[in-house]
Amino acid sequence: MTVQERKRRRRRPQKPPNGQANSGTYLLVFDLSDDAQARAWEVAQELAAQRRLKHVLVALLLAIHTVQTQTGKAIDMLQFMASFITGLVSGRGGYVSITDATDPEELPTMFAGTADHDDPLATRENFAVGMGDLFSDEDDVWD
Amino acid sequence: MLRYKPNKVLAPLTPEAYQDTDFQWELDESIIAWDGGNGTSSAWRLVNGDLQYFMLPNVRVPVTGYSMNNDVTTIGLNEMVYADVAEGRFAIGDNVWEVSKYPPETFVNSGERYGSQIHIFMLLCLLAAINAPEETPLTIVTSAPPGIVNSVAKTIKQNLRQGEANDKSGVWTIRMSYDKKPRAFVIGKVVVVPEGVGAFSAYAFDANGDDVLLPSGEDRDDLLTGNVHIHDAGHGTYDTYVVRNGKLDPESMALATDRDAGVLRQMIEPIMDYIRDQFNRAGETAPNLRPVQVDGWLRAWSSGGLRPRYARVKLHGRVLDLQPIFELSSKRYGRFVIEEKLEPSFRQGADTILLAGGGWMFTLPEVLKAYPNKQILHPDKVEHLKGIPLWELNAYGALPMSASNKKVNRKVTG
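As the structure is a computational prediction, the values presented were derived from the model and not from experiment.

A word on the overall build of chain B
Here's step 1: Counting its regular elements, chain B contains 10 helices and 18 strands.
Here's step 2: The globule rule puts the C-alpha radius of gyration for 414 residues at 22 Å, and the 22 Å found for chain B is close to it.
Here's step 3: Structurally, chain B occupies a C-alpha span of about 70 × 55 × 40 Å along its principal axes.
Here's step 4: Here chain B, with 414 residues, has 49% of them falling under the buried criterion.
Here's step 5: For chain B, contacts bridging at least 24 residues in sequence account for 70% of all contacts bridging at least 6.

Side note on helix α8 (residues 323–347) of chain B
Residue and element names in this part refer to chain B.
Here's step 1: Taking 1.5 Å per residue as the helical rise, α8 with its 25 residues ought to reach 36 Å, and the 34 Å between its terminal C-alpha atoms agrees with that figure.
Here's step 2: In this fold, the buried residues of α8 make contact with β11 (227–233), β12 (238–244), α6 (263–281), α7 (291–303), β17 (352–356) and α9 (360–370).
Here's step 3: Count one or two residues on from α8 and you reach Gly 349, which has phi positive near 95 degrees.

Brief notes about unusual backbone geometry
Residue and element names in this part refer to chain B.
Here's step 1: With phi around 50 degrees, Asn 48 is a residue other than glycine that occupies positive phi space.
Here's step 2: Inspection of the secondary structure puts Asn 48 in the loop between β3 (40–47) and β4 (50–57).
Here's step 3: Its 8 C-beta neighbours within 10 Å are what place Asn 48 among the exposed residues.
Here's step 4: Within the chain, Asn 166 stands out as a residue other than glycine whose phi angle is a positive 55 degrees.
Here's step 5: With respect to the helices and strands, Asn 166 occurs in the loop between α3 (149–162) and β9 (171–176).

Describing the confidence of the model for chain B
Residue and element names in this part refer to chain B.
Here's step 1: Residue-level pLDDT values for chain B average 89, and 94% of them are 70 or greater.
Here's step 2: Across residues 72–77, confidence stays below pLDDT 50; counting only partners more than four residues off in sequence or on other chains, it has six contacts.
Here's step 3: What the predictor reports for the complex is a pTM of 0.78 with an ipTM of 0.81.

Description of the domain arrangement of chain B
Residue and element names in this part refer to chain B.
Here's step 1: Each assigned domain of chain B is listed here: domain 1 (7–194) and domain 2 (214–381).
Here's step 2: Here the C-alpha centre of domain 2 lies 25 Å away from the C-alpha centre of domain 1.
Here's step 3: With 17 residues of domain 1 at the interface, the matching set in domain 2 holds 18 residues.
Here's step 4: Across the side of domain 1 that touches domain 2, the residue classes tally to nine nonpolar, seven polar and one charged.

So, the confidence of the model for chain A
Here's step 1: Averaged over all residues, the pLDDT of chain A equals 76, while 72% of them reach at least 70.
Here's step 2: At the level of individual helices and strands, chain A shows its lowest average pLDDT in helix α4 (residues 77–90) of chain A, which scores 61, and its highest in helix α5 (residues 120–130) of chain A, which scores 92.

Here's the deal with the environment of Pro57(B)
Residues and elements named next belong to chain B.
Here's step 1: Secondary-structure assignment places Pro 57 in strand β4.
Here's step 2: Sequence spacing of Pro 57 and Asp 295 is 238 residues, and the spatial spacing of their C-alpha atoms is 8.7 Å.
Here's step 3: When residues no more than four places from it in sequence are discounted, the contact partners of Pro 57 are Thr 40, Asp 94, Val 292, Asp 295 and Gly 296.

A few points about α5(A)
Each turn of an α-helix holds 3.6 residues, which means side chains three or four residues apart point in the same direction.
Here's step 1: Within α5(A) the residues assigned to the buried category are Pro120(A), Thr123(A), Arg124(A), Phe127(A) and Ala128(A). Down the axis of α5(A), the buried set is contained in an arc of 130 degrees. They therefore lie on one face.

Remarks on the nonpolar core
Residue and element names in this part refer to chain B.
Here's step 1: Counting residues in hydrophobic clusters, the biggest one holds 122 residues, and the most contacted among them are Ala 43, Cys 125 and Leu 126.
Here's step 2: If one sorts the elements of this core by residue count, helix α2 (residues 117–129) sits on top with 10 residues.
Here's step 3: Residues from two domains meet in this core; each of domain 1 (7–194) and domain 2 (214–381) gives at least three.

Side note on the interface of chain B and chain A
Here's step 1: Contacts between the two partners involve 37 residues from chain B, matched on the other side by 26 residues from chain A.
Here's step 2: Listed by contribution, the elements that provide at least two residues to the side of chain B that touches chain A are α3, β10 (183–194), α4 (197–204), β13 (247–248), α8, α9 and α10 (393–413) of chain B.
Here's step 3: Looking at the side of chain B that touches chain A element by element, the count peaks at six residues for α10(B).
Here's step 4: A breakdown of the residues in the side of chain B that touches chain A according to their chemical character gives 14 nonpolar, 11 polar and 12 charged.

Quick word on the sheet that holds β4(B)
All names here are of chain B.
Here's step 1: Across the sheet, 10 strands lie side by side as β1-β4-β3-β2-β8-β10-β9-β6-β7-β5; this open sheet has mixed pairing. Looking at strand neighbours, the two that pair on one side only are β1 (7–10) and β5 (60–62), the edges of this open sheet. Strand-to-strand twist of the sheet, defined as the mean angle between neighbouring strand axes without regard to direction, takes the value 35 degrees.
Here's step 2: Bridging between β1 and β4 involves four bridges; their strand directions are antiparallel. Directly across from Leu 10, in β4, lies its bridge partner Asp 50.

Conventions adopted
Position labels on residues start from 1 in each chain and follow its written sequence. Whichever chain is written first is A, and whichever ligand is written first is 1; the rest continue in order. With pLDDT at 70 or above as the cut-off, local features in this predicted model cover only qualifying residues; side-chain atom pairs require 80 or more to be listed or tallied, and sums for whole chains, interfaces and linings still use all residues. A run of H or I in DSSP counts as a helix once it spans at least four residues, and a run of E counts as a strand once it spans at least two, with each numbered from the N terminus. To get the radius of gyration, use the C-alpha atoms; to get the globule rule, take the number of residues to the power 0.38 and multiply by 2.2 Å. Remark: C-beta atoms are placed from the backbone, and a residue is labelled buried if 20 or more other C-beta atoms sit within 10 Å of its own, exposed if 12 or fewer do, or partly exposed between those counts. By the convention adopted here, residues are in contact when the distance between their C-beta atoms, placed from the backbone, does not exceed 7 Å. A helix is expected to reach a length of 1.5 Å times the quantity of its residues less one. Here pLDDT means the predictor's own confidence in every residue, given as a number from 0 to 100. Where each domain starts and ends follows an automatic or database-derived domain assignment. The nonpolar class holds Ala, Val, Leu, Ile, Met, Phe, Trp, Tyr, Cys and Pro. Asp, Glu, Lys and Arg form the charged class, and all remaining residues, Gly among them, are polar. Here, the arc refers to the directions that run from the helix axis to the C-beta atoms. In this description, a nonpolar core means buried residues of the types Ala, Val, Leu, Ile, Met, Phe, Trp, Tyr and Cys, linked to one another by C-beta atoms lying within 7 Å. The rule for pairing is simple: two strands pair if DSSP sees at least two bridges between them. Only the stretch in contact is used when a helix axis is fitted, and all axes are lines through C-alpha atoms; the angle between N-to-C directions ranges over 0 to 180 degrees.

Below is the structure:
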């Protein structure tokens, strides 16, 4: 190791090999040549202007922590993000996201009704007639 | 002085009815739809095209009604409505248990309550509240849980038609605290149907008994054709049965009533246990809570959009924040309903699940989230039921049911 290398190592804290940060900071670098990251950068800028970027990121990380704590297992990030955003936008939080690992037991019931459908007006007439004549003058109360 | 006035709702009619120059109302003012439920009691009627209704919690408390004369002082004047009937004087309405040294009287989850004194008392209070006519014999259209309707229908009819003098006159008198003289109502006819029939009618017909079609928007023609499973989540019971192409499935009605799946068992009792436990843990005596009290809190929370400020209550000199336990109970009840009631219905081939009853006020968001692609019918999905609360569907629905029944039988015999 040269003298220059030794000096550089003293100035910079040693970076963990797995991408984690040593202190309470983390530098995010957006690759603006990538469309998705460029759009994410724009949203990050908007949120930063409202001083809400940190809140949003912390909330998202906290949600992951909560899910992992409650389920006791590490979650599939791709599946989590897809369900999270879909649920957020459509309000359909209960819809099962199907992956090749999904257990068939977890699938919603396959039964979606019956084939025997009467005419809608006949259905209503059946219902009204089926009650009998509720307002007839016959009085059987004291029988 | 507090005085009851009927609530008003614009009568839901089909657009054709509005344009019909020969239009006539099928029902007159003497037809009263009444849902004398375990939790609340409601009565509805049509008055000149206006729907009028009133709802009371199913509880009464013996009181003296004593208060100082206005000339003496205003101390002792309280915001309480009471009613004088043959058995005595009783305060009614929410929080009445706080105004008397006597315990509140209620009668829930028992077949014997149908046609009992308190059951009839609640009806009389409602008749007074909606200003039902006194000069004309009234027709009362009411319901009972499908599992017991066969055994209680005759008792309800006979007891109401007896009248307070037991002379088969059907005459009952009641004097409200704000009335100068007693009112005398004559019960001329009583119609009893299974609970849920009114709710089905509310979706199927308008207030004048005309057909309302409910296109599904997909390949199915109409939401009420095929297998419709009625799920009535009431205070005391949860009733489930099947209507197949408009025909009631009698086999499903025999086992329809579940006394352990209503709001009382699934939400109110666990909430009461939690509150008692919290007081005990704080080293304080557990309060003497009553189900009707917690039911009143839950109704207030529901009316307030399930928001935290409507979950704050005063009890034993303490302010309680019940939002977390209300939310938890709602979610657990929702999960229970999905697993124990809705999943079996879908497995049995339900095309549509038709909802009625106040229990859905707490569980509907959870249920809709769980079934984004299923047909779950509730008033917000149907134009002609906007403004009719879920818990009033059975009571209100008895009016469209009566109107359609009159029409169809006129057609058959005419």
